Every structure is written in structure tokens, then in C-alpha cells.
Amino acid sequence: MTDDADADAKGRREPMRDPSYDGAFDAIVVGAGLAGSAAAVTMADEGLDVLVIERGRYPGAKNVFGGVLYTPTLRELVDVTSAPVERYVAEKRFSMLSDDDETAVSLRPGEWHDPPHNDSYTVLRGEFDRWFAEQAVDAGAVLLTETTVTGLVREDDGRIAGVETDRPDGTITADYVVLAEGGNSLVSEGADLRKPERAENVAVGVKEVLEFPERDEVIRDRFRLSNDAGASYHYFGEGAVGDAVGGGFIYTNEDTVSVGLAYRISDAAGSQPKPEQTLNAFKSHPSVAPLLRGARTVEYGAKTIPEGGSESIPKLVHDGAVVVGDAAGLVLNNGVHLEGTNMAVESGHLGGEAIAEAAERGRTDEAAFKSYPERLEASFVVQNLERYGWLMERVEADRDLIFEELPHALADAGAEYFRMDREPKEKHAEEARERLFETVGGLRGAAKLAYRYREVLR
Amino acid sequence: MSATPNVPNVDAGASSAENETLEDRLYTVRYDDPGESHLDVKVPGICAEGCTTYDCIDVCPANVWREGDDGVPNIAYENCLECGSCRWACPKGNVDWTYPTRGAGVSYKKG
């Protein structure tokens, strides 16, 4: 423990006064993100002694996401009345950007103003994850921060029986391990619990949190919001992410906005500008820049997003361990739905539940955890991933059409349809139709296109 | 050891969104230096002789990976936002990535 004095001198919190964690807990959770804390709350509620290990200085210190937390499972697990949320989502807006056009659709259902607000809230993870981990601690879990799990402890028969850490007495054994380490899953990969994902199936995301120092009402006025209502703007097309497959976003927080984008790592090479420059271009788009006028950057962040879908889900249970959240690739991005937080909480909860049941029977073998994959497959998590499994391949095949030609065609057709001159409207409508048909390949092409993507809205 | 975050100044009256430099952006997050790099290349020879595309440089949102004189990228690890992109971007799987230890590395307040 020689480095304790050193750590204190740096003013850090030193949580490990007593190094006797080894063998003192039933279960160890690797990572205090959404999936990890959901697992910890679940197991602690069932009476297990739970140790949560977080490599950051506090829960959330290493976590970045776009901005919307979906809470249907969360509010079943914990009392969310004191949860630090920013705004509820009262508007979803989808926008296609060419280099200088925008064509958008906006939805503002009245019912989203009523609690529980369609279970959709913008949050800041630095605050939210800390709060969620506190709920696990209140339920009886012990939280150990500034501690990195560097590997797994294995018994002779291969069973996972704890973790190696960068602590002086680094090994901590326990009957159960929950791997909730996030998308950059070095521990799971290092222990051969999953293979490295292909670059086509991982997106790089960059994001800025912006504030408006000029005046307080900017966000409410620009995004047409009342009280604690918020907006979720999604952007597609070359104006958002250049030639890459991906998209941009703006989410309103209480006093800040989150602006960012994500695209596939396999598209990052070659002519695509670097992520930071792609973000600059998006923020400077003529339809985006006025929303951000006068803003200054409070925080810049980056993360990777597993987008391999259901086929990329690794084996979820092993003797002594379960894999949950981003570490298990549980993120849905089908262009219209961008979800991960709800899937993290659901999987963490189901994983924790399976361990509690196995503990009840005194078992640690993977068959004892099988309720976890079974319930996950029956849940919205895997059902949704399977439903949209076909999408990314098709989008890849149609990428030029979807991300470049269609945004232009829609904008041109719109300009034509509403053109004000002395020609009759019949002529404008015809030219608008022609402009669209030229891009999609006539009526037949349009029908084929609609058919190819019918499952998105079905 | 820890850098104090510094909120960069931008002209509040600017007519459109102002984009800060990467340096100013990186100042917005706290960074504790672990003392040694958590990033490396596994086999330098693979970069020097087998790589022409340097996807690590193209994908990095924080300018960690930079062109090196001998064909092996220089690694400004203290810029790292710990997204992990370089790990997947390298077509040779030649990026050696470990988590910074004991709470070091980047700390996000907002995330």
C-alpha cells in the first residue's frame, strides 16, 4: 500500500483503506456505467455482496454518449425522482442535409409532455452515472474507483473466479464476475470471451457540449421549448458526416446542448476528413450553424459505438461470468432509432438477476446463468437488433443514393414544387416529380426503394 | 500532474458557430498523466514496412497518432480521449491499447 500516501498527496480520494477485498464479495462488477450499475443494484437487492470496480476517478468519468437516456427498465429498478436528468424529449426531428440544403420532418406528439415523457430524457453521463452508482451503493454494493481491471482470474478448470487489478494487492476473487466494461472491451477480449469486432461494425463518435454565455433563454427560444421540454435533432447526409455512413445530432440539455456525430470506422480512412474536422463542417452547415450561434465549447469527447447488431453479440455467459451492455455489443442504430442506454440497463438487470438465481442454488457454471441469454433474446433488446439486422448491409449498398443523391433530390424537388414564378403549378409539380424520379429510378424505382426499406417503419 | 481545465474564449457575438482548435477542445477535459503511454504499436516494423494508409491517424479524434519520421507513428498519448478507435482502425491489428491505470487519463465531467 505504499502508493496510498502518494495518491493522497495528489488530492485523490483513496477508497481502499482496507485491502481485504479478496474473497469478501459474492460478485464483482467491472465498470460502473449503466449496465454495471443496473447489475449491481439488481444483485444487491437480492442480498448479494457486490463490489463495483470503476477505472475512472468517479462513475461516468470515462463515459461518453450522444445524449438520450431511455428509462423504461431503469425506473423499475430504482426510484428515479431524484435522478439528474436534463430535459425530457418533446420533439424528434429528422433532417437530411446536402452540402447546403436541409429537408426535415419533425414530430411533437402532445403526449410526450406528460409523465413519464415516453421514457426519454437527455442526461449528462458525468452526473447521471455517478447518481446511478450511488443507488447501487445505497442498495448495499461497494464502489471502488480509480481501479483498473487488467485481467480475469481463472481456476484450473477455466472457471472465472475474480479479477486482476492495478491495485497493490491486485487480485480480487469472487464467485461471480459481471463484465460491463463498455465497447472498448479489453478485459473480455484479453480473456478470449469475445473476438475483436470488425471496423465496419464500430462507429467513432465525437461530441461537444456547448453553452451559450450570452443569455439564459437561448436554448428555449431557438429550439422552441417550454419549461423542461427538450429536443432531439438527428441529421443524415453529406452535410452531416461527409461521405461516411453515419449521422449527426443535437440534443438539448438544461443549460447546454450536445452536438456530435458518429460514423463507421471503416469509412474514416481515405478522403473522409478527420472526426474533428467532420464535426466542424457539420457545425458550420448553413442549417446548423444558426442553432449554435454564440456558443462555446464546455467539453469535447469521443467514443466508439458497437454497431454490429445481433450477429455481433458474443457468448453472454461463461463459467463464473456474464457479459452485459456495450461489452456485449448491445446498441441499436437503424437510422431512426438510436438506442443503447435502455439495452445496457436491461441486459445488466437480466445478467444480475441470473447471477442472483445461480447464487441461490450455489452454482457458478454457465448453464446456471442461462436465464440471462434466454430472457435477453425474448426481450426488446435482441428482438430489436434482429428486426433491423438487414439494414446496415442494405444501407451500405445504397449509400450514395441515401446519403448524397437523395438529400439533394429532395431539396431540389421541394424548391421546384414551391417555385414562385408565372408558370402554372402543374409544371412545377411535374418538374419536382421528375427530379425525384431521376434519382430513384422512376415510379418503379421509388416503389422498389420503399419496399427495400419497408421494415424500418413497419 | 493534473491539467486544470480551461474554458476557451470565443467571441460571443460571432455570426455563426465558432469551432475551437483541437488544442482548446482538449483543454476542456481533465487529464491526469499516468506517467507512461497506455498506447503503443505492437511491432514497429509492421508500421514502417507494411503500412501505407495510416488509418490510425485518419480516425483519431484527438490527434494522438501522428506521422513519424521512420514510418512509425508518433503517439501523443496525453491527448487521448480513450475512445479506442485506433484499435479497430488499424488494418493490421497493430495497436497495443491498455486502460490507463489508477484513475489516470481523461476525465469527463459531462460525457
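Each chain carries its own residue numbering, running from 1 in the direction its sequence is written. Chains and ligands are labelled by the order in which they are written, letters from A for the one and numbers from 1 for the other. Restriction of local features to residues with pLDDT of at least 70 applies here, the model being predicted, together with a cutoff of 80 or more for giving and counting side-chain atom pairs; totals for whole chains, interfaces and linings are based on all residues.

(A) Expanded view of the overall build of chain A. Only runs of H or I of at least four residues qualify as helices and only runs of E of at least two qualify as strands under DSSP, and these elements are numbered from the N terminus. Of regular secondary structure, chain A possesses 16 helices and 19 strands. Along the longest, intermediate and shortest principal axes, the C-alpha atoms of chain A span 85 × 50 × 45 Å. Three exposure classes are used. Buried residues have 20 or more other C-beta atoms within 10 Å of their own C-beta, exposed residues have 12 or fewer, and partly exposed residues fall in between, all C-beta atoms being placed from the backbone. Within the span of chain A, comprising 458 residues, buried residues form 51% of the whole. A separation of at least 24 residues holds for 71% of the contacts in chain A among residues at least 6 apart in sequence. Contact criterion: two residues are in contact if their C-beta atoms, reconstructed from the backbone, are within 7 Å.

(B) Geometry of the interface of chain B and chain A. At the interface, 41 residues of chain B touch 52 residues of chain A. For the side of chain B that touches chain A, the residue count by class is 20 nonpolar, 13 polar and eight charged. Gly counts as polar in this scheme, as do all residues outside two lists: the nonpolar Ala, Val, Leu, Ile, Met, Phe, Trp, Tyr, Cys and Pro, and the charged Asp, Glu, Lys and Arg.

(C) Structural view of unusual backbone geometry. For the peptide bond that leads from P115(A) to P116(A), omega is 0°, which places it in the cis range. Take P116(A): it is sitting in the loop between strand 5 (102-107) and strand 6 (120-122). For Y54(B), which is not glycine, the phi dihedral falls at a positive 50°. You will see that N63(B), though not glycine, has its phi angle at about 55°, which is positive. Relative to the helices and strands, N63(B) resides in the loop between helix 3 (55-59) and strand 4 (65-66).

(D) View of helix 14 (residues 425-440) of chain A. Residue and element names in this part refer to chain A. Compared with the 22 Å implied by 1.5 Å per residue over 16 residues, the 23 Å span of helix 14 between its first and last C-alpha is a close match. Listed as buried for helix 14 are A432, L436 and T439. Summarising the axial view, the buried residues of helix 14 lie within an arc of 60°, below the 170-degree limit, and thus occupy one face. The exposed residues of helix 14 that point more than 90 degrees off its buried face are E426 and K427. Here the buried face of helix 14 lies against helix 13 (399-417). Trailing helix 14 by a residue or two, G441 shows a phi angle of about 90°, which is positive. Working rule for helices: expected span equals 1.5 Å times residues minus one. Summarising the geometry, the arc corresponds to the directions from the helix axis toward the C-beta atoms.

(E) Inspection of the domain arrangement of chain A at higher detail. Residue and element names in this part refer to chain A. Where each domain begins and ends is defined by an automated method or by a domain database. Here the domain parsing of chain A yields domain 1 (3-84 + 123-197 + 309-378), domain 2 (199-306) and domain 3 (391-457). For domain 1 versus domain 2, the distance between C-alpha centres works out to 29 Å. Each side of the interface is counted separately: domain 1 has 13 residues, and domain 2 has 17 residues. A class-by-class count of the residues in the side of domain 1 that touches domain 2 yields four nonpolar, seven polar and two charged.

(F) Examining the pairing of strand 8 (residues 149-154) of chain A more closely. Residues and elements named next belong to chain A. Taken together, the five bridges between strand 8 and strand 9 (residues 160-165) define a ladder with antiparallel strand orientation. Within strand 9, the position partnered with G151 by the bridge is E164. In this description, strands pair whenever DSSP reports at least two bridges between them. Adjacent in sequence and paired antiparallel, strand 8 and strand 9 are bridged by five residues, among which G158 carries a positive phi angle near 95°.

(G) Region of the structure containing the environment of F437(A). Residues and elements named next belong to chain A. Within the fold, F437 resides in helix 14. Sequence-wise, F437 and L77 are 360 residues apart; in three dimensions their C-alpha atoms are separated by 51 Å. Look past the residues within four positions of F437 in its chain and what remains in contact with it is G442, L443 and A446.

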